[in-house]
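Summary of the model geometry
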Amino acid sequence: MAVLVTGATGFLGGRLAGVLAARGESVRILARPGRDLRHLEPHRIEVVLGTLSDTEALAWAVDGVTHIYNCAGCSTDWAPYETFHTANVAGVSNLIRAAARVRELARLVHVSTTDIYGYPLQPCDETHPARDIGLSYNKTKCLGEQEVWRAHDAGLPVTVVRPATIYGPRGTVFATEIAAHLKRGTMAVIDGGRASGGFCYVDNCVDAMMRAAASPIATGRAYNIADGTGASWRTYVDMLAARLSLRRAWINLPARVAFSLAQMMETVYGGARIASRPPLTRHAVYLLSRNQEFPAARAGADFGFNPAISFDEGVERTARWLRDGDS
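These figures come from a predicted structure and were not determined experimentally. Position labels on residues start from 1 in each chain and follow its written sequence. Given that the model is predicted, a residue must reach a pLDDT of at least 70 before its local features are reported, and side-chain atom pairs must reach 80 or more before they are shown or counted; all residues, however, enter totals for whole chains, interfaces and linings. No hydrogens and no water enter the side-chain calculation; it runs on all heavy atoms of the structure.

Trans is the prevailing form of peptide bonds, just as negative phi is the prevailing case for residues other than glycine. You will see that Arg170, though not glycine, has its phi angle at about 75°, which is positive. Think of it this way: any DSSP run of H or I at least four residues long counts as a helix, any run of E at least two long counts as a strand, and we number them from the N terminus. Checked against the element boundaries, Arg170 lands in the loop between strand S7 (165-167) and helix H5 (172-184). A positive phi is found at Asp191, a non-glycine position, where the angle reads about 55°. Summarising the element assignment, Asp191 is placed in the loop between strand S8 (188-190) and strand S9 (199-201). Burial here depends on accessible area, computed with a 1.4 Å probe over protein chains only, as a share of the maximum for the residue type. Under 20% is buried, over 50% is exposed, and the range in between is partly exposed. By relative accessible area, which is 24% here, Asp191 ends up partly exposed.

Structure follows, in C-alpha cells:
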C-alpha cells in the first residue's frame, strides 16, 4: 500500500516524502509538471503529475493509498486572494472529495497552522476557536480547516496538525529570506526581537505528523506542533547571522510603527497592483511581534511527540545548508 504526500515540491512536504521513502514506505506524490524534484532524487518515489484542481490526476493519486498527508498550500504573506483560496480552500475540498472514495484510507493528515488562532497576544491551546482577522493566509487556512472538519463529521478519518514556525534546510521564509536580508543589511526585528518564535525544526514536525498518522487517538483531533524552545526571534536571527559570518540585524522597529508601515506598504502595493512582495506586511509583523510558542502538550500526551533535534542543532543544520547547500 502507498502513502500520498501533496506539496512534496515544497519545504515540509518534500522533507516528509523523503523521510517516509527512506523508512521504506511506498511514497506517491502529486506534483505540477515542470516542478523541481531534485531534492527527492535519492529516493524511489512515484510521481503523479497534476494539481489539486485536476480531478483526474487526484483520482490517480489517491487510488489505493492508506494515508494522505496534505502539505500543499499557499503560505506566503503576499499574493492575490484567489491564489490563497485556490490552494488553501478549493484544493482541500477537492482532495477531500477524492479521499472520501478511497476504501483503504486509514488517515488523512491535514497541515494547518497556528495562524488560524488569529495571532492572539498570548499563545493558546487547541481548544481556542479559529479567528479570521482578515489576512488572506489566516482566513483561507481557517476555511480549509472547516472543510476538513466537515469531512470528519461525514466519516473521513482525519487529523489536523497546526505547526508554528517551521524552519530548516530548504526553508524559504525562515531560512533563505532571513539570510538574504542579513546579507543586505535589511533584516529587522520588532520590539527588540523579544517575542518567542515558536520554532519547530522541520524533522521534528515530520516526526509529529507520522506519529499522528499512526495514532488511533489522533483521529478527529487537532494538534499544535512546536518544539517548546522558548527561543526569541532575536536569538534565532543572531544565531543564523553568527553561523553565516554576517552582521547581526541592526534595524529595530516598535510594533506600533511596524504595523503602520506595513499597512501603508500594502495599500500602495495593492492599489498599484504591484505583484512583488512589499518590504513589510501585517502578516510578518504579527509573526515577529506576537509570542508564537503555542503549547504542544496534547501532541506529547496523545502520541509521544518529543522533539529529537535541539534548537542549537536545528539552527546549525539550517546554516550549513545555507552556506553550502548540504541538506
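The sheet built from seven strands is open, its strands ordered S3-S2-S1-S4-S5-S6-S10 with parallel pairing. At either margin of the open sheet sits one strand with a lone partner, and together these are strand S3 (45-49) and strand S10 (222-225). Going across the sheet, the axis of each strand differs from the next one's by a mean of 20°, ignoring polarity. DSSP calls a pair of strands paired once it identifies at least 2 bridges connecting them. In this structure, strand S2 (residues 26-31) lies alongside S3, joined through five bridges in parallel fashion. Each bridged residue has a counterpart across the sheet, and for Leu30 the counterpart in S3 is Val48. Residues count as neighbours in contact if any of their non-hydrogen atoms are within 4.5 Å of one another. Angles here are taken between N-to-C directions and fall from 0 to 180 degrees, while the axes themselves are lines fitted to C-alpha atoms, restricted in helices to the stretch in contact. Its contacts with the sheet place helix H4 (residues 136-153) against strand S5 (107-111), strand S6 (158-163) and S10, and it is angled at close to 160° to S6.

What follows concerns the packing of aromatic side chains. We describe a pair of aromatic rings using the distance from one ring centre to the other and the angle between the two ring planes. Pairing of aromatic side chains here covers Phe, Tyr and the six-membered ring of Trp, requires ring centres within 6.5 Å, and sorts the geometry by plane angle: under 30 degrees stacked, over 60 edge-to-face, intermediate tilted. A complete count under the given rule lists 14 aromatic pairs for this structure. For the pair Tyr167 and Phe311, a centre-to-centre distance of 6.2 Å together with 65° between the ring planes defines the contact as edge-to-face. Linking Tyr167 in strand S7 with Phe311 in helix H11 (residues 311-324), this pair joins segments that are 144 residues apart in sequence. Here the two residues Tyr167 and Phe311 agree in accessibility, since each one is buried. Judged by centre distance (5.7 Å) and plane angle (40°), the ring pair of Phe174 and Trp233 falls under tilted. Taken together, the residues span a long stretch of sequence, with Phe174 in helix H5 and Trp233 in helix H7 (residues 233-243) at a distance of 59 residues. An aromatic cluster is present here, built from Tyr167, Phe174, Phe199, Tyr201, Trp233, Tyr236 and Phe311 joined pairwise through their rings.

On to the pattern of salt bridges. Throughout this description, the term salt bridge denotes a Lys or Arg side-chain nitrogen within 4 Å of a carboxyl oxygen of Asp or Glu. Per the stated rule, a full pass over the model turns up 18 salt bridges. Where Arg277 meets Asp77, a salt bridge forms, and the shortest distance between an N and an O atom there is 2.7 Å. Here the residue Arg277 occupies a position in the loop between helix H8 (255-271) and helix H9 (282-289), and Asp77 occupies one in the loop between strand S4 (65-70) and helix H3 (81-99), the gap between them amounting to 200 residues. Using a relative accessible area of 32% as the deciding quantity, one classes Arg277 as partly exposed.

The next point concerns the side chain of Asn138. Following the sequence through the fold, Asn138 ends up in helix H4. Classification of Asn138 by relative accessible area gives buried; the value is 0%. Ignoring sequence-local partners within four residues, the contact set of Asn138 consists of Asp115, Ile116, Gly118, Tyr119, Arg131, Asp132 and Ile133.

Keep in mind these values describe shape, not function.
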